[in-house]
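Analysis of the macromolecular model
Spelled out from the first residue to the last, the chains are:
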Amino acid sequence: MSQTPNSLLPYARCFMALYERRPSPAALRGCIASWRALKGKTLEEAARGSQAWYEAGVRFWFLDALTTQSSGKGLETSKAEFMNGMEQTLSEGITGGWEAGVKEVGIEPDEISDEEYAACGEFIAEQVAYLPPVWEWIGTQVGNETARQSVLSRAEVWFNLWNAAATKGKLMAGQDVKMRWTRGPTEKSCPDCLKLDGKVFRARTWQKYDIMPQSDRLSCSGFRCLCSLVPTDERVTPGKPPALVGPK
Ligand SMILES: [Zn+2]
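A brief look at the structure comes next. (Residues numbered from 1 in each chain as written. Predicted model: local features only at pLDDT ≥ 70, side-chain atom pairs only at ≥ 80, totals over all residues.)

Where helix α3 (residues 51–71) meets helix α6 (residues 131–141), the closest approach of the two axes is 9 Å, and the angle between their N-to-C directions is 55 degrees. As summarised for this structure, α3 and α6 are arranged oblique, according to the angle between their axes. As for how α3 packs across α6, the hand of that crossing is right-handed. Side by side, α3 and α6 meet where F62, A65, L66 and Q69 of the first sit next to W135, I138, G139 and Q141 of the second. Residues of the contact of α3 with α6, tallied by class, amount to five nonpolar, three polar and no charged. (Axes fitted to C-alpha atoms, helices over the stretch in contact; angles between N-to-C directions. Helix = DSSP H or I, 4+ residues; strand = E, 2+ residues; numbered from the N terminus. Parallel < 35°, antiparallel > 145°, perpendicular 65-115°, else oblique. Left-handed = near helix turned anticlockwise from the far one by under 90°. Contact = placed C-beta atoms within 7 Å. Nonpolar A, V, L, I, M, F, W, Y, C, P; charged D, E, K, R; others polar.)

Given below as structure tokens:
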């Protein structure tokens, strides 16, 4: 059975509460519209920090920025809200992705070291630094016929950070664990991902050569890379990882 918009209400309410916004009917409607990523997910799958939760949050703040900039009112407050909202979304989403990755090598979130959380924090800070130009860019879309579509496409570029965090988390936590490059369900894989598919190396080796899924060193630049490093008992591939073609 397909979900009616009403069944997304609980998600919308939790979400608005998280950002301490008063859930006016209009705000809730906007929120529900941006929560399509949660269709068919259980409340548990959509919990704070999950991939679905993170994607819905990014979508929400990008569309919200377009709406508020289109109205042209209270721009300074709106910008601050966008920055805070996205910062929280990134912080909780990237931490959630990191913890999910670490779990794959048998380590629970409460066993993650301070050093690992510090690395996760650094990754979050790097992304937060990219936010101001995004706000400005969304402003340039106001009035364009295809603004909504463009803003949603740009939001999607941020979705993969969740996977990137999972990759980083498990590489750092599972240094000696053997991991097999496993191609994601992308229609057209890039030459690097094709070449790496099925290769098995220890986490420390992948790190040493700085080769990992979602990396901007891949020929696909990583934004849409759905590959992952999966812990495996398979034998290590002889030799070293192949050299990357790299981005064009
Ligand atoms: Zn890939």
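Now that the structure has been shown, the text picks up again.
Two elements in contact, helix α4 (residues 75–103) and helix α8 (residues 161–173), have axes whose closest approach is 7 Å; the angle formed by their N-to-C orientations is 45 degrees. Judged on the interaxial angle alone, α8 and α4 are oblique. You can see that α4 and α8 cross each other, and the crossing is right-handed. Contact residues: α4 offers G93, I94, G97, W98, E99, A100, G101 and V102, while α8 offers L161, W162, N163, A165, A166, T167, K168, G169, K170 and A173. By residue class, the composition of the contact of α4 with α8 is nine nonpolar, six polar and three charged.

Membership of the largest hydrophobic core comes to 47 residues, with the highest contact counts inside it found for W61, F62, I94, A165 and W206. Both domains that furnish three or more residues to this core are identified here as domain 1 (5–167) and domain 2 (175–231). Those residues in contact with A165, other than ones at most four positions away along the chain, are I94, G97, W98, G101, C120 and F123. (Core = buried A, V, L, I, M, F, W, Y, C linked by C-beta atoms within 7 Å. Buried ≥ 20, exposed ≤ 12 C-beta atoms within 10 Å, placed from the backbone. Domains from an automatic or database assignment.)

Attention shifts here to α3. In a regular helix each residue adds 1.5 Å, so 21 residues correspond to 30 Å; α3 covers 30 Å between its end C-alpha atoms and thus fits that length. The element α3 is largely enclosed, with a buried count of 16 among its 21 residues. Directly after α3, the chain includes G72, whose backbone phi takes a positive value near 70 degrees. (Expected span 1.5 Å × (residues − 1).)

Read from one edge to the other, the open sheet built from three strands follows the order β2-β1-β3, with strand pairing classed as antiparallel. The outermost strands of the open sheet, each flanked by one partner alone, are β2 (200–202) and β3 (228–231). Averaged over all pairs of adjacent strands, the angle between their axes in this sheet comes to 40 degrees, without regard to strand direction. Of the pairings in the sheet, the one linking strand β1 (residues 178–182) to β2 comprises three bridges and is antiparallel in character. Bridge pairing links M179 to F201 in β2. (Pairing = 2+ DSSP bridges.)

The values are spatial; any link to function lies outside them.
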